[in-house]
Number of protein chains: 2
Amino acid sequence: MTTQQLHEQILQKKSFLCVGLDPDLTKIPPHLLETEDPIFEFNKAIIDATHDLAVGYKPNTAFFEAYGIKGWISLQKTINYINENFPEIFTIADAKRGDIGNTSSMYAKAFFEDLNFDSVTVAPYMGKDSVEPFLAFENKHTIMLALTSNEGAFDFQTLNVNGKELYKQVLETSKTWKNSHNLMYVVGATKAEYFADIRKIVPDSFLLVPGIGAQGGSLSEVCKYGMNDKVGLLVNSARAIIYASKGTDFAEKAREEALSVQKEMEEIINSKFQV
Amino acid sequence: MTTQQLHEQILQKKSFLCVGLDPDLTKIPPHLLETEDPIFEFNKAIIDATHDLAVGYKPNTAFFEAYGIKGWISLQKTINYINENFPEIFTIADAKRGDIGNTSSMYAKAFFEDLNFDSVTVAPYMGKDSVEPFLAFENKHTIMLALTSNEGAFDFQTLNVNGKELYKQVLETSKTWKNSHNLMYVVGATKAEYFADIRKIVPDSFLLVPGIGAQGGSLSEVCKYGMNDKVGLLVNSARAIIYASKGTDFAEKAREEALSVQKEMEEIINSKFQV
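Residues numbered from 1 in each chain as written. Chains lettered and ligands numbered in written order. Predicted model: local features only at pLDDT ≥ 70, side-chain atom pairs only at ≥ 80, totals over all residues. Heavy atoms only, no water.

S.K.: Kindly report on the relation of the copies chain A and chain B, identifying the contributing residues and their values.
M.R.: Aligned on chain B, chain A shows an RMSD of 0.0 Å; the corresponding rotation is 180 degrees and the shift along the axis is 0.0 Å. Put plainly, the chains are arranged around a two-fold axis. Minimal C-alpha distance to the rotation axis in chain A is attained by V161 of chain A, lying at 2.5 Å. In this assembly, 100% of the residues forming the interface of chain A have copies in chain B that are likewise at the interface, indicating an isologous arrangement. (Least-squares fit on C-alpha atoms with pLDDT ≥ 70 in both. Contact = heavy atoms within 4.5 Å.)

Here is the structure:
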């Protein structure tokens, strides 16, 4: 998928919502545990109930790997289900990978070719040759951690290097890498006041923004400082939507939560772009 | 496994060699491709041929994930094979994971509980709450990236923060985390001159050292600066051992390469500890 196609989908749906798929067998509705593949059934129901309100889905690989081979099968079924039924949807493997060059090539093959995701999240610590193998895939997107939504972001990401915070250096350096036009960045919603500075460095890039909902970030603040003239944001919500109810009405309740976020996004898009 | 047990194995085998299992279908001997699970058969043959010379095996998860569900099955068979037949071996899931707390907990569950590895590699960028969920597992080991063996290490890891390089800050900060006694660190063999400084910060920790062999690092230099009075090193070699031959003699040739490294290690241990 191209960023232009993603942009068009955002305008059409009046939404830049990404739904995080973090399926946890201890949290999903108990009646699903009787099915053959509870994780896939859970994801499928959430996707069916929200696909017209969201532009992206972000399966978090940890929540599949924790169940071993069965989990990996659920992950494959989930991505296949989205690609076959909702090809307009932008898919994100939230995997936070990154290793030396020949290893990163194998991860890129895993997520872009074998599973056929549109994008994958990566960590920057190992530098250029750990990220460029992902960037080599055209019309696939590499979403690099910049400033994350968690408390630990302050341990290293905001340390001062060369007179600026590390995450700013990470953003600047990454722009010099080969095929850097295929980069997007993770910036946490819990740090909305940082978005203005980030936009000075990467004005045109899409930002994947976790931290709305359970983590407490504010959508309006994020948009105020982070939105660009192509919207340029994918705001993720996971727990607040997918675990809105533990009953048989979980998909319906998930839709209500997603609809509430989408309505807020529609207002913001309408006011900002005067559609 | 405790670090004491690992130390005893090192003294007994006169080896601190870890064999990296990076199985690539384009590189393994062609005659194996006719078997039902070429990746597992390859790993099994390498393990059978080298287990008395090595103290650890380090499957690199990328090389399994690249083959999807089949790859994950091969990974599970490989770790089960080691645990069932060679329980003295220290096992490392080279996965470079790390995410917000509840997600890192799922990764820890995946590698420590579901797959039953002794250790897993993690990336530090997301800070304390991304690593502590791994550290909560007693007698399991969390091997955090400090200074990696690749060229990209110089992009961020060696930047100056607070008057010291970032990787030193990472080491220092990590010592303050809960259960930090369960930490080990990745330090690349290609940067042997850095080991003396690193040992000032983490004198007692085990260091996992990639970069010997195909990447060009020197074993004697690493030992000169990096060894502590409990040895404290796990030196990894992957490609130079596992791809020593592409013929039907690949396991035999792998053994020859491993033996050559082990002999060098034996000399170093004997001279350093005057056994």
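There's more to say after this.
S.K.: Report on the pairing of strand 1 (residues 17–21) of chain A, specifying residues and quantitative values.
M.R.: All names here are of chain A. Judged by how many residues are buried, strand 1 sits mostly within the fold: five of five residues are covered. Of the two faces of strand 1, the one lined by L17, V19 and L21 and the one lined by C18 and G20 are each fully buried. One ladder, built from three bridges, connects strand 1 with strand 10 (residues 233–237); its direction is parallel. Each residue of the ladder has a partner; that of L17, found in strand 10, is V235. Bridge count between strand 1 and strand 2 (residues 56–59): four bridges; the pairing is parallel. (Buried < 20%, exposed > 50% of the residue type's maximum accessible area, 1.4 Å probe, protein only. Helix = DSSP H or I, 4+ residues; strand = E, 2+ residues; numbered from the N terminus. Pairing = 2+ DSSP bridges.)

S.K.: Can you lay out the UniProt feature "active site" (unreviewed entry) in chain A for me, pointing to particular residues and giving the numbers?
M.R.: With numbering matched to this structure, UniProt assigns "active site" (unreviewed entry) to K96 of chain A. With respect to the helices and strands, K96 of chain A occurs in strand 3 (residues 90–97). If we skip the residues at most four places from it in the chain, K96 of chain A touches T121, V122, A123 and L145 of chain A together with K96, G98, D99 and M126 of chain B. For K96 of chain A, the side chain forms a polar contact with the side chain of D94 of chain A, separated by 2.8 Å. (UniProt positions renumbered as here; feature names shortened; annotations may be inferred. Polar contact = N/O pair within 3.5 Å; in protein donor to acceptor, adjacent residues only side chain to side chain.)

S.K.: Explain the interface of chain A and chain B to me, using residue names and the numbers behind them.
M.R.: By a widely used convention, the size of an interface equals the accessible area lost when the partners come together. Taken together, the contact between chain A and chain B spans 57 residues of the former and 57 residues of the latter. For the pair chain A and chain B, the summed buried surface comes to about 4900 Å²; carbon and sulfur atoms form 63% of the total. For the interface between chain A and chain B, the tally reads four salt bridges. In this structure, the salt-bridge partner of E65 of chain A is R97 of chain B, at a minimum N-O distance of 2.9 Å. If you look at where chain A meets chain B, you find 24 residue pairs in polar contact (both at pLDDT 80 or more). For the side of chain A that touches chain B, the element with the most residues is helix 5 (residues 101–114) of chain A, which contributes eight residues. The residue inventory of the side of chain A that touches chain B, partitioned by class, reads 26 nonpolar, 18 polar and 13 charged. (Buried area = accessible area lost by both parts, 1.4 Å probe. Salt bridge = Lys/Arg side-chain N within 4 Å of Asp/Glu carboxyl O. Nonpolar A, V, L, I, M, F, W, Y, C, P; charged D, E, K, R; others polar.)

S.K.: For the side chain of S104 of chain A, give the residues involved together with the corresponding values.
M.R.: Residues and elements named next belong to chain A. Here S104 shows up in helix 5. On the basis of relative accessibility, which here comes to 0%, the residue S104 falls in the buried class. Here the side chain of S104 touches S130 through a polar contact of 2.7 Å, landing on its backbone oxygen. When neighbours within four sequence positions are excluded, S104 is seen to be in contact with G98, D99, S130, P133 and F134.

S.K.: Can you explain the UniProt feature "domain: Orotidine 5'-phosphate decarboxylase" (unreviewed entry) in chain A? Please cite residues and give values.
M.R.: With numbering aligned to this structure, UniProt lists the feature "domain: Orotidine 5'-phosphate decarboxylase" (unreviewed entry) at residues 16–254 of chain A. In residues 16–254 of chain A, helix accounts for 39% and strand for 19%; the two terminal C-alpha atoms are 16 Å from one another.

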